[in-house]
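Survey of secondary and tertiary structure
This is what each chain is made of:
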Amino acid sequence: MHTHHIYIAALAAVTAVLGSCATRYQLTGISRSRILIDSRYDATPDAQAAAFVKPFAAQVDSTMSPVVGRAARYLAKSRPEGELSDLLPDILLWAAPRFGEKPDFSVYNYGGIRAAIAAGDVSVGDILDVAPFENKICFLSLKGTKVKELFAQIAARFGECVSHGVRLVIGPDSTLVSATLHGRPIDDAATYRIATLDYVAQGNDGMTAFKAKTDVRAPQDEANNVRYLIMDYFREKAAKGEEVDCPTEGRITVRP
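Residues numbered from 1 in each chain as written. Predicted model: local features only at pLDDT ≥ 70, side-chain atom pairs only at ≥ 80, totals over all residues. Heavy atoms only, no water.

1. Digging into helix α3 (residues 83-95)
- If you check α3, its first and last C-alpha atoms are 18 Å apart, about what 13 residues at 1.5 Å a residue would give, namely 18 Å.
- Within α3, burial applies to L84, S85, D86, L87, L88, P89, I91, L92 and A95.
- Tucked inside the fold, the buried residues of α3 contact β2 (105-108), α4 (124-130), β4 (137-143), β5 (161-162), β9 (191-197) and α7 (226-239). (Helix = DSSP H or I, 4+ residues; strand = E, 2+ residues; numbered from the N terminus. Expected span 1.5 Å × (residues − 1). Buried < 20%, exposed > 50% of the residue type's maximum accessible area, 1.4 Å probe, protein only. Contact = heavy atoms within 4.5 Å.)

2. Here we look at the pattern of salt bridges
- Tallied over the entire structure, the rule returns 19 salt bridges.
- In this structure, the salt-bridge partner of R251 is D90, at a minimum N-O distance of 2.7 Å. Of the two residues, R251 is situated in the loop between α7 and β11 (252-254) and D90 in helix α3; the sequence distance between them amounts to 161 residues.
- With relative accessibility at 2%, the residue R251 sits in the buried group.
- What emerges from the salt-bridge pattern is a single network uniting D86, D90, R167, E249 and R251. (Salt bridge = Lys/Arg side-chain N within 4 Å of Asp/Glu carboxyl O.)

3. Section: the packing of aromatic side chains
- If you walk through the whole model with that rule in mind, you get four aromatic pairs.
- Between W94 and Y233, the aromatic rings sit 5.3 Å apart at their centres with planes inclined by 85°, giving edge-to-face as the arrangement. Taken together, the residues W94 in helix α3 and Y233 in helix α7 connect sequence positions 139 residues apart.
- For W94, a relative accessible area of 23% corresponds to the partly exposed category.
- For the ring pair Y233 and F234, a centre distance of 6.4 Å and an interplane angle of 80° mean the geometry is edge-to-face. Grouping residues by exposure puts Y233 and F234 together as buried.
- An aromatic cluster is defined as three or more aromatic residues linked by ring pairs; in this entry it consists of W94, Y233 and F234.
- Taking NZ or CZ as reference, R227 lies 5.8 Å from the ring centre of Y228, over its face. (Phe/Tyr/Trp six-rings, centres within 6.5 Å; stacked < 30°, edge-to-face > 60°. Lys NZ or Arg CZ within 6 Å of the ring centre and 35° of its normal.)

Have a look at this one:
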């Protein structure tokens, strides 16, 4: 058999195999998990590598290890509501006066919370794990009709992170059943001031109602990064001899 005939036959065989694979297999799902890198993966550390990393590790440890406060319990995010899901939007309200703002409520995106906080001492590194992005606090206004639209979008996601005073009831089909703010229904004609993250204010994470925002104030100084606001909140609590706690209170509930 000539060489080019052999090549064509081989190519046809490979194509047949790949074609059969394409028809037999399909993607059914994607999952992810975190892997703890400990001594099991480094039973015989390389001395040269360890020596190279040592000065950098010391610098990182000196930056990340300082304790900023204490957590009274394990604080984690959850849908429709969780301790950390409540705490972070409340911290946005707590920080608002330093910017001369007094928002009616706040929203923190669920997907932006990347870790939980264990009970006990909380370090700078722990807060960085929770808020690793360069998101900054942002203030904006929405008409009541758009606030209702926003709450409907939050319901469609079975909850985001909302501040104290917001009460949303979601139906089993992820539709908004009712919404109140400090015990009052949302007034279509009113204008509401909201604290959130600059990323969320752009209408990301399905909260497109924010695209109708007006009177936007988005300070861009590095100190306004939300991770530093969170650290400041823990430090203030620690200065008062208090642990940080935020038990859930029924801000978002799902009706059976």
